Amino acid sequence: MAQKPSIPKGTRDFNAEEVAKRSYIMETIKRQFQLYGFQPIETPSFENSETLMGKYGDEGDRLIFKILNSGEYLRKVSDEDLIAKNEANIALKISEKALRYDLTVPFARYVVQHQNEIEFPFKRYQIQPVWRADRPQKGRFREFYQCDADVVGSKSLFQEVEFIQLYDAVFTSLKLEGVTIKINNRKILSGIAEVIDAHDKLIDFTVALDKLDKIGEEKVKDEMRSKGISEDGISKLQPLFSLQGDFGDQVGSLKSILNASEVGLKGIEELEFINTAISNLGLKTAKLQLDVTLARGLNYYTGAIFEVSAPEDVKMGSIGGGGRYDDLTSIFGKPDTSGVGISFGLDRIYLVLEELGLFPETITEATKVLFLSFGSEEAMASLEAVSKLRESGVKAEIYPDAITSGKQMKKQMTYANRRHIPFVVLVGEEELKSGMFALKNMETGAQEKLGLQELLSTLQ
RNA sequence: GUGGUUGUAGCUCAGUUGGUUAGAGCGUCGGUUUGUGGUACCGAAAGUCGCCGGUUCGAGCCCGGUCUUCCACCCCA
């Protein structure tokens, strides 16, 4: 056998069953997006590099797939850069386009570019693939789908409340119960950084804090020290490491840390508003949980931060994330337009549903009846019946090649069997003469001769 | 980007301290069965041992590189 072809690492082929399951998730999400009033848009797979670069932090820039320019791309590169192997400079010159890394930044670009055609507040959803030059692992791919819903042009905290309900609605209708929607607020993190006099080290500080449940209190403190946060500051954080109780208790402890920080208290106020609203409205199956260590997407989130975890017994990274961003459109030239949105990780949700066996049985709808072919006269008679069946909505097909021996009949039976086609119709010489159809139930093996009308009504 | 791991027939995997002709199950194909699939029995085909190089009289096995898989970091959906 020749060398087998392959696909790039971190990418996948999908068979018919996988496509059906993926589309089930997508349609479920889409239905809820529409019920909440979001309109679909799509944006190109690749953007100008300047649109994407610098929006996700240094780590993000590294993970953006860059597209090589066409033509004589090396002509723009200076000899000095080439000789010095100055990769950063060379990359800028030979690549001016890049594959989209998420859906939020292209959406911000879209809003600014089309601001005169848009009615604000603008609610859009978008379900498209994104690409990251990451090293693949379980639930981590280099090409994967995000399903985003965002609102721009409203500062109202009721948006956050509705997004939490939307998460709950989607996971409830997927029968995925027990997901945890974690919430935090960038203003609280800023406030804490301010209080411990590490305002300029916000990112370092939050990245360290984010690892609390993973590496433990002492190692988090070690990391903070190594990033230059003072011992005095770290001791002020002590209440943070022992946060306990329900939403209210935790907020109480936070207040004691943050009472000197205006921005911190504002963050607490926002959290309390959202929590009160959700408590009053109730959630169907999800849980809302305050998690001060949550620090995702900090490069553009300014208020609420969301992250969704799968039920505890499933080992999977986050299956959704989101937050509020006040400045994203101002980067592209439209200030004072607050946005907030959430994202669903389709591929990870797939893995979770698969692991928990939550896909409905009925989503792969196969052919219902296969007509075996004995010859062209028989095939013509079969095709008439097939056409009638199709007209009445029955998935029917005819085996393309004629049977010339018992061996081939076996082959066609086997084919029907393998494809889980529940009925087979035989039209041979005998049936042709009598105008009947031999209908065989592939599960029971029972066979009966029927006229066309009977055949139609039996299969419908 | 860092560290580790994996790759043998279409699929899932054995393969001893380096030693004749690399095995099994499932699947495929043929037969028992010329208009009846799933079950059974008999038989057959199918492998540049991921790729490139090295050590050796001799490499699936040892060494180096590379690609791939999975895992832990980093980061993230």
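Predicted, not measured: the structure shown is a model, and the values here were computed from it.

### Quick notes on the sheet that holds strand E4 (residues 97–99)
Then comes step 1: Pairing is antiparallel across the open sheet formed by 3 strands, whose spatial order is E2-E4-E3. Looking at the sheet topology across the chains shown, the edges are occupied by strand E2 (46–48) and strand E3 (66–67).
Then comes step 2: As paired elements, E3 and E4 share 2 bridges and run antiparallel to each other. The residue of E4 that forms the bridge with Lys66 is Ala98.

### Notes on the packing of helix H8 (residues 186–195) against helix H15 (residues 262–281)
Then comes step 1: The N-to-C vectors of H8 and H15 enclose an angle of 150°; their axes lie 7 Å apart at closest approach. Judged on the interaxial angle alone, H15 and H8 are roughly antiparallel. As for how H8 packs across H15, the hand of that crossing is left-handed. Two secondary-structure elements touch here, H8 through Lys187, Ile188, Ser190, Gly191 and Glu194 and H15 through Glu262, Val263, Gly264, Lys266, Gly267, Ile268, Glu270 and Leu271.
Then comes step 2: Looking at side-chain class alone, the contact of H8 with H15 contains 4 nonpolar, 4 polar and 5 charged residues.

### Thoughts on the protein's contact with RNA strand B
Then comes step 1: Lining the immediate environment of RNA strand B, one finds 46 residues, of which Lys138, Arg140, Ser318, Arg418 and Met442 sit closest.
Then comes step 2: The sugar-phosphate share of atoms of RNA strand B within 4 Å of the protein amounts to 48%.
Then comes step 3: Here a base nitrogen of RNA strand B sits 3.0 Å away from a polar atom, N or O, in the main chain of Phe141.
Then comes step 4: Within the contact set of RNA strand B, a base nitrogen lies 2.5 Å away from a side-chain nitrogen or oxygen of Asn417.
Then comes step 5: Elements with a minimum of two residues in the surface near RNA strand B: helix H3 (57–63), strand E6 (143–152), strand E10 (320–325), helix H19 (406–418) and helix H20 (429–434).
Then comes step 6: For the surface near RNA strand B, the element with the most residues is H19, which contributes 8 residues.

### Regarding unusual backbone geometry
Then comes step 1: The omega torsion across Phe120 and Pro121 is -5°, close enough to zero to call that bond cis.
Then comes step 2: In this structure, Asp336 is a non-glycine residue whose phi angle is positive, near 55°.
Then comes step 3: Mapped onto the fold, Asp336 is located in the loop between helix H16 (328–331) and strand E11 (339–345).
Then comes step 4: By relative accessible area, Asp336 is classed as exposed at 71%.
Then comes step 5: Its identity as a non-glycine residue notwithstanding, His420 has a phi of 55°, on the positive side.

### Here we look at helix H14 (residues 247–258)
Then comes step 1: With 12 residues, H14 ought to run about 16 Å at 1.5 Å a step, and its terminal C-alpha atoms sit 16 Å apart, in line with that.
Then comes step 2: The inward-facing, buried residues of H14 abut strand E7 (180–185), H8, helix H12 (231–236), helix H13 (238–241), H15 and strand E8 (287–290).
Then comes step 3: Residue Asp246 occupies the N-cap position of H14, its side-chain oxygen lying 3.1 Å from the main-chain nitrogen of Gly248.

### With respect to the UniProt feature "binding site: L-histidine" (unreviewed entry) in chain A
Then comes step 1: Sequence positions flagged by UniProt for "binding site: L-histidine" (unreviewed entry) are, in local numbering, Asp102, Leu103, Thr104, Arg132, Gln146, Asp150, Arg296, Tyr300 and Tyr301.
Then comes step 2: Relative to the helices and strands, Thr104 resides in helix H6 (residues 104–113).
Then comes step 3: For Thr104, the contacting residues outside a window of four places in its chain are Asp148, Asp150, Tyr300, Tyr325 and Leu328.
Then comes step 4: Locating Gln146 in the fold gives a position in strand E6.
Then comes step 5: On the basis of relative accessible area, Gln146 is assigned to the buried category, the value being 11%.
Then comes step 6: Residue contacts for Gln146: discarding those within four places in its chain leaves Asp102, Leu103, Gln126, Ile127, Gln128, Val130, Arg132, Ser343 and Phe344.

### Considerations on the packing of helix H7 (residues 158–173) against H15
Then comes step 1: Look at H7 against H15: their axes get within 9 Å of each other, and the N-to-C directions meet at 45°. When the interaxial angle is binned, H7 and H15 end up oblique. In terms of crossing hand, the pair formed by H7 and H15 is right-handed. Each of Phe158, Glu160, Val161, Ile164 and Gln165 in H7 lies in contact with H15, whose residues at this interface are Phe273, Ile274, Ala277, Ile278 and Leu281.
Then comes step 2: Considering only residue class, the contact of H7 with H15 consists of 8 nonpolar, 1 polar and 1 charged.

Calculation criteria
Residues numbered from 1 in each chain as written. Chains lettered and ligands numbered in written order. Predicted model: local features only at pLDDT ≥ 70, side-chain atom pairs only at ≥ 80, totals over all residues. Heavy atoms only, no water. Pairing = 2+ DSSP bridges. Helix = DSSP H or I, 4+ residues; strand = E, 2+ residues; numbered from the N terminus. Axes fitted to C-alpha atoms, helices over the stretch in contact; angles between N-to-C directions. Parallel < 35°, antiparallel > 145°, perpendicular 65-115°, else oblique. Left-handed = near helix turned anticlockwise from the far one by under 90°. Contact = heavy atoms within 4.5 Å. Nonpolar A, V, L, I, M, F, W, Y, C, P; charged D, E, K, R; others polar. Near = heavy atom within 4 Å. Polar contact = N/O pair within 3.5 Å; in protein donor to acceptor, adjacent residues only side chain to side chain. Buried < 20%, exposed > 50% of the residue type's maximum accessible area, 1.4 Å probe, protein only. Expected span 1.5 Å × (residues − 1). UniProt positions renumbered as here; feature names shortened; annotations may be inferred.

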